[in-house]
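Here are the chains, one letter per residue:
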Amino acid sequence: MQKSLALAAALLLATAAQAQSLFVNIHSGQAMAQGAGLVLAGQALEQNAEVRVLLCDAAANIALTGQDMPSLKPRNVTPQQMLQGLIKGGAKVEVCALYLPNTGKQASDLIPGVTPAKPADVAAYLLKPGVKTLAF
């Protein structure tokens, strides 16, 4: 009986210690929608979640070097600055596989910490148990 209780306690602790995973897909070209997704991703990081961000379509432009974009209140930061904060915090950030070849851009045009996504890797991540998803 004591072995069973010890095993149950160990399993409970292991389950509680597992980090939550959040996948955020941002495709909107609108700065406030981008910001909303990035803010929530940042809050998840602060709560020790594993965060992965996929930027597609117009939203992937925020990952390009030299972009001019509006600052968002109340912190007066741009979506790109928010994105850089997520990267510094440990989030994995990718542009969708279709973005670079269809815009004439190269991986070298992306800000540090952003990589082109590999569809098989993204699909495998999404299929992991416990991954929560958000889309903007």
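Cut-off values and rules
- Residues numbered from 1 in each chain as written.
- Predicted model: local features only at pLDDT ≥ 70, side-chain atom pairs only at ≥ 80, totals over all residues.
- Heavy atoms only, no water.
- Axes fitted to C-alpha atoms, helices over the stretch in contact; angles between N-to-C directions.
- Helix = DSSP H or I, 4+ residues; strand = E, 2+ residues; numbered from the N terminus.
- Parallel < 35°, antiparallel > 145°, perpendicular 65-115°, else oblique.
- Left-handed = near helix turned anticlockwise from the far one by under 90°.
- Contact = heavy atoms within 4.5 Å.
- Nonpolar A, V, L, I, M, F, W, Y, C, P; charged D, E, K, R; others polar.
- Buried < 20%, exposed > 50% of the residue type's maximum accessible area, 1.4 Å probe, protein only.
- Pairing = 2+ DSSP bridges.
- Right-handed = clockwise from strand over helix to strand, strands pointing away.

**Q** So what about the packing of helix α2 (residues 31-46) against helix α3 (residues 79-88)? Which residues, and what values?
**A** How two helices pack is summed up by the angle between their axes together with the distance between the axes. Packing of α2 against α3 brings their axes to within 9 Å, and their N-to-C directions diverge by 20°. Our classification of the angle between α2 and α3 gives roughly parallel. Where α2 crosses over α3, the handedness of that crossing is left-handed. Every residue of α3 that contacts α2 at Ala31, Gln34, Gly35, Leu38, Val39, Ala41, Gly42 and Leu45 is listed here: Pro79, Met82, Leu83 and Leu86. Split into classes, the residues belonging to the contact of α2 with α3 amount to nine nonpolar, three polar and no charged.

**Q** Tell me about the side chain of Gln80, residues and numbers included.
**A** Following the sequence through the fold, Gln80 ends up in helix α3. We classify Gln80 as buried; its relative accessible area is 11%. If near-sequence neighbours (up to four positions away) are discounted, Gln80 is found in contact with Ile62, Ala63, Leu64, Gln67, Met69 and Ile111.

**Q** Help me get a handle on the pairing of strand β3 (residues 92-95), residues and values and all.
**A** Direction of pairing for strand β2 (residues 50-55) relative to β3: parallel, over a ladder of four bridges. Residue Leu55 lies in a different strand from β3, and its bridge partner there is Val95. Taken together, β2, α3 and β3 form a β-α-β motif whose crossover is right-handed. Bridge count for β3 against strand β4 (residues 114-116) is three bridges, and the pairing is parallel. Bridging from a neighbouring strand, Val93 pairs with Val114 of β4.

**Q** For the sheet that holds β3, give the residues involved together with the corresponding values.
**A** Within a sheet, each strand pairs with its neighbour through backbone hydrogen bonds, oriented either parallel or antiparallel. Overall, parallel pairing links the five strands, which are arranged β4-β3-β2-β1-β5 in an open sheet. Two strands in the sheet have a free side with no partner beyond their single neighbour: β4 and β5 (131-135). When strand polarity is set aside, the average angle formed by the axes of neighbouring strands in this sheet is 25°. The strands that α2 touches are β1 (21-26), β2 and β5; relative to β1, the one it contacts most, it runs at about 165°.

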